[in-house]
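Results of the structural survey
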Amino acid sequence: GSAKAAQEIMSAFVDATGHSPVMPEWAAGYWHSPIGGQPYSSNSNQSTVIAAVDGLASRNISTDVYVIDYMHWRRMGDYTFSDEMFPDPKGMVDHLRSKGVRLMVSAWPFTDKDGARASSLITAQGNGVRFANGSMVPWPDAVCDGECYLYDAFSKSGRDFVWSMLGEGYVK
């Protein structure tokens, strides 16, 4: 085996399986995530996002993506911004865009058992992870207000459920 033979094998393999798309330039830029291992607090809200982006821009720090991580929702499984913390998400996104910044939101795959926008839907057959006997697998997580469930990423129904929740809650 020569290096040329290995290169020819890899070239044939990629031709057979497909070439990776070229990553957009912005995706290789600076992504700002203020979490730094600390949980969001009531001080982490729309005004702090805008202030951070404006502060970066005022110091000529080119920012391509701003990441809003966890605890931006009212309850785990709302799959949308808390109205109290983010009163005008569209205005916030428009402001970020005016600075050339894209927004990424981290949406966790859990839903509180009760009280969240998706609570009644996670228990539908195929949407949540289940034991072999069909009962829901409880997912203990300190971020949930109590017991929560994990959506079933291996089920088309589960994936469709989460993508519809994300579309209604964040993209609308």
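For the structure given in this document, a descriptive report is provided here.

Analysis parameters
- Residues numbered from 1 in each chain as written.
- Predicted model: local features only at pLDDT ≥ 70, side-chain atom pairs only at ≥ 80, totals over all residues.
- Heavy atoms only, no water.
- Helix = DSSP H or I, 4+ residues; strand = E, 2+ residues; numbered from the N terminus.
- Rg over C-alpha atoms; globule rule 2.2 N^0.38 Å.
- Buried < 20%, exposed > 50% of the residue type's maximum accessible area, 1.4 Å probe, protein only.
- Contact = heavy atoms within 4.5 Å.
- Areas by Shrake-Rupley, 256 points an atom, 1.4 Å probe, with all protein chains shown as cover.
- Lys, Arg positive; Asp, Glu negative; His and termini not counted.
- Charge placed at Lys NZ, Arg CZ, Asp CG, Glu CD.
- Pairing = 2+ DSSP bridges.
- Expected span 1.5 Å × (residues − 1).
- Right-handed = clockwise from strand over helix to strand, strands pointing away.
- Polar contact = N/O pair within 3.5 Å; in protein donor to acceptor, adjacent residues only side chain to side chain.
- Salt bridge = Lys/Arg side-chain N within 4 Å of Asp/Glu carboxyl O.

To continue, consider the overall build of the protein chain. Helices and strands together make up the secondary structure of the protein chain, namely five helices and six strands. In terms of overall size, the protein chain is more extended than a compact globule, its C-alpha atoms giving a radius of gyration of 21 Å where 172 residues would be expected to give roughly 16 Å. Taken over the C-alpha atoms alone, the protein chain extends approximately 60 × 55 × 30 Å along its principal axes. Counting only residues that meet the buried cut, the protein chain has 34% of its 172 residues in that class. Summarising the internal contacts of the protein chain: among those between residues at least 6 apart in sequence, 72% fall at separations of at least 24. In the structure as shown, the protein chain presents an accessible area of about 10500 Å², 57% of it carried by carbon and sulfur atoms. Taking the average location of the 14 positive side-chain charges in the protein chain and that of its 19 negative ones, the two points are 3 Å from each other.

Strand order in the open sheet made by the three strands is S1-S2-S3, with parallel pairing throughout. Among the strands making up the open sheet, the edge pair consists of strand S1 (31–32) and strand S3 (102–105). Sheet topology places strand S2 (residues 65–68) next to S3; four bridges connect them, and they run parallel. Residue pairing in the sheet places isoleucine 68 in a bridge with valine 105 of S3.

Sheet architecture is open: three strands sit in the order S4-S6-S5, paired in antiparallel fashion. Of all strands in the sheet, those bounded by a partner on one side alone are strand S4 (110–112) and strand S5 (139–140). The pairing of S5 with strand S6 (residues 147–150) spans two bridges and is antiparallel. Counterpart to tryptophan 139 in the pairing with S6 is cysteine 148.

Given 3.6 residues to a turn, an α-helix orients residues that are three or four positions apart in the same direction. The end-to-end C-alpha distance of helix H2 (residues 46–58), which contains 13 residues, comes to 18 Å, matching closely the 18 Å that a straight helix rising 1.5 Å per residue would cover. Inspection of H2 places Gln46, Val49, Val53, Gly55 and Leu56 among the buried residues, and these make up the whole buried set. Positive phi shows up at asparagine 60, right after H2, with a value of about 60 degrees.

Attention now moves to the pairing of S2. Burial of the side chains of S2 extends over both faces: Val65 and Val67 are buried on one face and Tyr66 and Ile68 on the other. Across two bridges, the pairing between S1 and S2 is parallel. Its bridge partner being in S2, tryptophan 31 is matched across the sheet by valine 65. The handedness of the S2 to S3 crossover, carried by helix H3 (residues 89–98), is right-handed.

Before going further, it helps to spend a moment on the side chain of aspartate 78. Locating aspartate 78 in the fold gives a position in the loop between S2 and H3. Using a relative accessible area of 3% as the deciding quantity, one classes aspartate 78 as buried. In this structure the side chain of aspartate 78 is engaged in a polar contact, spanning 2.9 Å, whose partner is the backbone nitrogen of arginine 75.

Before going further, it helps to spend a moment on the environment of glutamate 25. Looking at the element boundaries, glutamate 25 is found in the loop between helix H1 (3–17) and S1. Exposure remark for glutamate 25: the relative accessible area of 74% places this residue in the exposed category. As for glutamate 25 and aspartate 64, which are separated by 39 residues in sequence, their C-alpha atoms are 9.4 Å apart.

On to the pattern of salt bridges. According to the stated counting rule, one finds eight salt bridges in the structure shown. Linking aspartate 78 and arginine 74 is a salt bridge whose minimum nitrogen-to-oxygen distance equals 3.6 Å. Given a relative accessible area of 56%, arginine 74 falls into the exposed group. Between lysine 156 and aspartate 160 there is a salt bridge, with the nearest N and O atoms lying 2.7 Å from each other. Linking lysine 156 with aspartate 160, this pair stays in helix H5 (residues 156–171), spanning four residues, or about one helical turn. Note on lysine 156: relative accessible area 55%, which makes it exposed.

By themselves, these are just geometric observations and shouldn't be taken as functional.
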